[in-house]
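# Chain and residue survey
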Amino acid sequence: MSLQVPEAQPSVADIANDTAATQRTAALRVALIGNPNCGKTALFNALTGARQKVANYAGVTVERKEGLAQSPSGAMLRVLDLPGTYSLRARSPDEVVTRDVALGRLEGETPPDVMICVADATNLRLVLRLVLELKQIGRPMVLAMNMYDIAERQGWSIDLARLSQELAMPVVTTVATRRRGMDKLLAAVESVSGAAHESPAWREPSAAELRAAHAEAERIRKTCIRPPSHPDTLTGRLDSVLLHPVVGVAILLAVLFFMFQAVFSWAQPPMDLIKSAFDHLSTLITQVMPDGVLRSLICDGIISGVGSVLVFVPQIMILFLFIILLEDSGYMARAAFLMDKIMGGAGLHGRAFIPLLSSFACAIPGIMGARVIDNKRDRLTTILVAPLMTCSARIPVYTLIISAFVPNRAVWGFASLQGLVMFGLYATGILSALAVGFVVRKIFWRGAAEPFLMELPAYKRPDAKNVAMGVLTRGKIFVKRAGTVILAMMIVVWFLSSVPGPPPGATEPAINYSFAGMIGHGLEPLLRPIGFTWQIAVALIPGMAAREVAVAALGTVYAVSGGEGATGPLAGVLHAHWSLATAMALLAWYVFAPQCAATLGVIKRETNSWTWPLVTFVYMLVLAYAAAFATYHIAQAFGA
Amino acid sequence: MVQAVVAYIIVALACAWVVWRLFVPRKIRTDLIARLQRRR
């Protein structure tokens, strides 16, 4: 087994941004290095105009990112954003990337011309030691004192001139989220870029050298920095409640419970609006176009398929509004702290919380985020369980089935039953990830649990612009998928559902004679024990590409089928065709099913082996079949 | 007749796109796009 850190591949957008090859070689290479959660990515976004994800906890950036910036004098700079680190003594794969870029050891990379050491101005204790360590490399450096507005507000007194003198480098104050101080920072970078420098061979410091560096950092800190006379105790006071072993967990559960209730109740009006817009569009096309193949493609294939997925955009945006608010405020790091004991009991490393949290959006960043874990077995366990966390692609499937089969009524007087079922599905995803982690780590790969250390960030008011940008980005990603992969696949599904046409004198719906009908009926014997119909079998095949495609495929298949009960909203159509036991079995299937080709691809890339995607696919498929089988038969026994 | 021709051209394009997007490795796609852009 070998785990390798893949080289970051530039995306098409990155290539498009690099306007000319000559520019690439002429531009100054500037690396952003600093402790985790000091605002490096926010600074990168401010300098380059990029929109990389930022959040108020450590470990968000796990790979090298690159962008172009222009200095006030017009010079081009290639800015590299790197994962956070406390030292060049790298242990985890993400820290290795930072060390190798800083030292110019990364294959195909020249060392940076200038290093910007980014510091959180309210938390300078550890960064000064890193600055001293980076100085050993001998490259020109600038210290960016980020979040300076918060430091001023809290009453920190920093003698910038003295600090600059002690460290022998320019010190510039910045507020990355407001883009303040960018021109001064770029001017400082330009001013040091021409300075003569030596590059002595770096070697890992000994314990004595580290102690000496720490003592020197402490001396500089005491000389140049005076803490506030009235320290801000808000974070401490909030933490005494939010990190309480009983009250804290109860608050975390209440927050999650409220989030899923809101996802269901707040999203309903915009969802109804989108649904009626697609219905009107379909009616309009039916009135304008003569009956024929093209009209069927547009109405039954494209509008029914893509429209049935697009109605879930409001729910996805509301869910991400909550997730980003919790991340930006600093509460998510507390959730990691609260979950550590439970995760440790299940054999998962404490640092696995952040990758698993990212997996709520999509398993891909979650699997990549596992690079923050240095132990190979812990990292691999996290990669194996990450796809079990409920990603946003499952939302359309869950919501469709819940709205079709779970009555929209209140329980206990205040909670929506639909929201409660959604909460239960998310909880099942988390519990199954913990259970698989337990089996892997406690039975197959026994080993001592490693301690989990994470700096808890101070609570902050979420930045409205960052929140809005994050929510819009998630919405845009979903709409883009609907307009590209899902649209193309629905056209293919429509074709397979319409061709060949029914023979003369046929009495059954046309789809029964089509390729899709043949495939569905061929697979039906395999899926009948778990209660799935042949239409579900047809939807599951394109659904292998991405989970939400299955919803669109169901929309297209039932629209092409026509007949009684096949018109109107898809939820109503499913209610007319499926038993409750079938619906519950499909929900159980989707909690576990490995229906995402991109996730399997990224597991291959991260582990550099086909073994692990295959293991993931097989174990998830077995769990999905077993769960759907058990659910279907138990539900039938209860008369569902 | 015209409807059928247009519909099946759309189907052919969609099939080609699905093959390109799902079955051609990302590296090959990225390299090809980069080469095309350089040529332009």
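Here, the structure is the one placed above.
This one's a predicted model, so the numbers in the text were calculated from it and none came from an experiment. (Residues numbered from 1 in each chain as written. Chains lettered and ligands numbered in written order. Predicted model: local features only at pLDDT ≥ 70, side-chain atom pairs only at ≥ 80, totals over all residues. Heavy atoms only, no water.)

## Focus: the overall build of chain B
- Within chain B, the regular secondary structure consists of 2 helices and 0 strands.
- Within chain B, the proportion of its 40 residues that are buried is 20%.
- Roughly 3,200 Å² of accessible area belongs to chain B as shown, and the carbon and sulfur atoms make up 67% of that amount. (Helix = DSSP H or I, 4+ residues; strand = E, 2+ residues; numbered from the N terminus. Buried < 20%, exposed > 50% of the residue type's maximum accessible area, 1.4 Å probe, protein only. Areas by Shrake-Rupley, 256 points an atom, 1.4 Å probe, with all protein chains shown as cover.)

## Quick word on the packing of aromatic side chains
Residues and elements named next belong to chain A.
- Per the stated rule, a full pass over the model turns up 8 aromatic pairs over all chains.
- Arranged with centres 6.1 Å apart and planes meeting at 80°, the rings of Phe-258 and Trp-266 form a pair that is edge-to-face.
- The class of Trp-266 is partly exposed, set by a relative accessible area of 45%.
- Summarising the aromatic geometry, the rings of Trp-266 and Phe-322 are spaced 5.6 Å apart at their centres and angled 35° between planes, so their arrangement reads as tilted. Of this pair, Trp-266 sits in helix H11 (residues 247-288) while Phe-322 sits in helix H13 (residues 313-329), and the two are 56 residues apart along the sequence.
- Relative accessible area serves as the criterion here: at 12%, Phe-322 is assigned to the buried category. (Phe/Tyr/Trp six-rings, centres within 6.5 Å; stacked < 30°, edge-to-face > 60°.)

## As for helix H21 (residues 515-527) of chain A
Residue and element names in this part refer to chain A.
- Across its 13 residues, H21 extends 18 Å between first and last C-alpha, which sits within 8% of the 18 Å expected from 1.5 Å per residue.
- Among all positions in H21, only Ala-516, Gly-517, Gly-520, Glu-524 and Leu-527 are buried.
- Taken together, the buried residues of H21 touch helix H20 (464-498) and helix H22 (534-540). (Expected span 1.5 Å × (residues − 1). Contact = heavy atoms within 4.5 Å.)

## Concerning the interface of chain A and chain B
- Every contact between the two is made by 24 residues of chain A and, on the other side, 19 residues of chain B.
- Carbon and sulfur atoms make up 79% of the surface buried where chain A meets chain B, a total of about 1,700 Å² over both sides.
- Between the two partners, chain A and chain B, sit 0 salt bridges.
- For the side of chain A that touches chain B, the elements supplying multiple residues, two or more each, are helix H1 (12-17), helix H12 (293-310) and H20 of chain A. (Buried area = accessible area lost by both parts, 1.4 Å probe. Salt bridge = Lys/Arg side-chain N within 4 Å of Asp/Glu carboxyl O.)

## Concerning the environment of Met584(A)
- With respect to the helices and strands, the residue Met584(A) is situated in helix H25 (residues 580-592).
- Apart from residues lying up to four places away in sequence, Met584(A) is in contact with Thr631(A) and Ala635(A).

## Quick word on the nonpolar core
All names here are of chain A.
- Counting 147 residues, the largest nonpolar core has Phe-532, Trp-578 and Trp-589 as its most contacted members.
- For this core, the element with the highest residue contribution is H20, accounting for 13 residues.
- With residues near it in sequence (within four places) discarded, Trp-589 still touches Ile-530, Phe-532, Leu-540, Gln-595, Leu-621, Ala-624, Tyr-625 and Ala-628.
- The next biggest cluster of nonpolar side chains, apart from the first, holds 36 residues, and it includes Leu-103, Met-115, Leu-130 and Leu-167. (Core = buried A, V, L, I, M, F, W, Y, C linked by side-chain atoms within 4.5 Å.)

## With respect to the packing of H20(A) against helix H23 (residues 547-561) of chain A
Residue and element names in this part refer to chain A.
- Where H20 meets H23, the closest approach of the two axes is 9 Å, and the angle between their N-to-C directions is 40°. Judged on the interaxial angle alone, H23 and H20 are oblique. You can see that H20 and H23 cross each other, and the crossing is right-handed. Contacts between H20 and H23 involve Phe-478, Arg-481, Ile-486, Met-489, Met-490, Val-493, Trp-494, Ser-497 and Ser-498 on the former and, on the latter, Glu-548, Val-549, Ala-552, Ala-553, Thr-556, Val-557 and Val-560.
- Partitioned by chemical class, the residues of the contact of H20 with H23 number 11 nonpolar, 3 polar and 2 charged. (Axes fitted to C-alpha atoms, helices over the stretch in contact; angles between N-to-C directions. Parallel < 35°, antiparallel > 145°, perpendicular 65-115°, else oblique. Left-handed = near helix turned anticlockwise from the far one by under 90°. Nonpolar A, V, L, I, M, F, W, Y, C, P; charged D, E, K, R; others polar.)

## Quick notes on the side chain of Asp463(A)
- Its place among the elements puts Asp463(A) in the loop between helix H19 (417-444) and H20.
- Setting aside residues no more than four positions away along its own chain, Asp463(A) makes contact with Thr177(A), Arg178(A) and Asp328(A).

## Some points on unusual backbone geometry
Residue and element names in this part refer to chain A.
- In this model, Val-499 is joined to Pro-500 through a cis peptide bond whose omega is -5°.
- Within the secondary structure, Pro-500 is located in the loop between H20 and H21.
- Of note in this structure, Asn-37 is not a glycine but carries a positive phi near 60°.
- You can see Asn-37 is positioned in the loop between strand E1 (28-34) and helix H3 (40-48).

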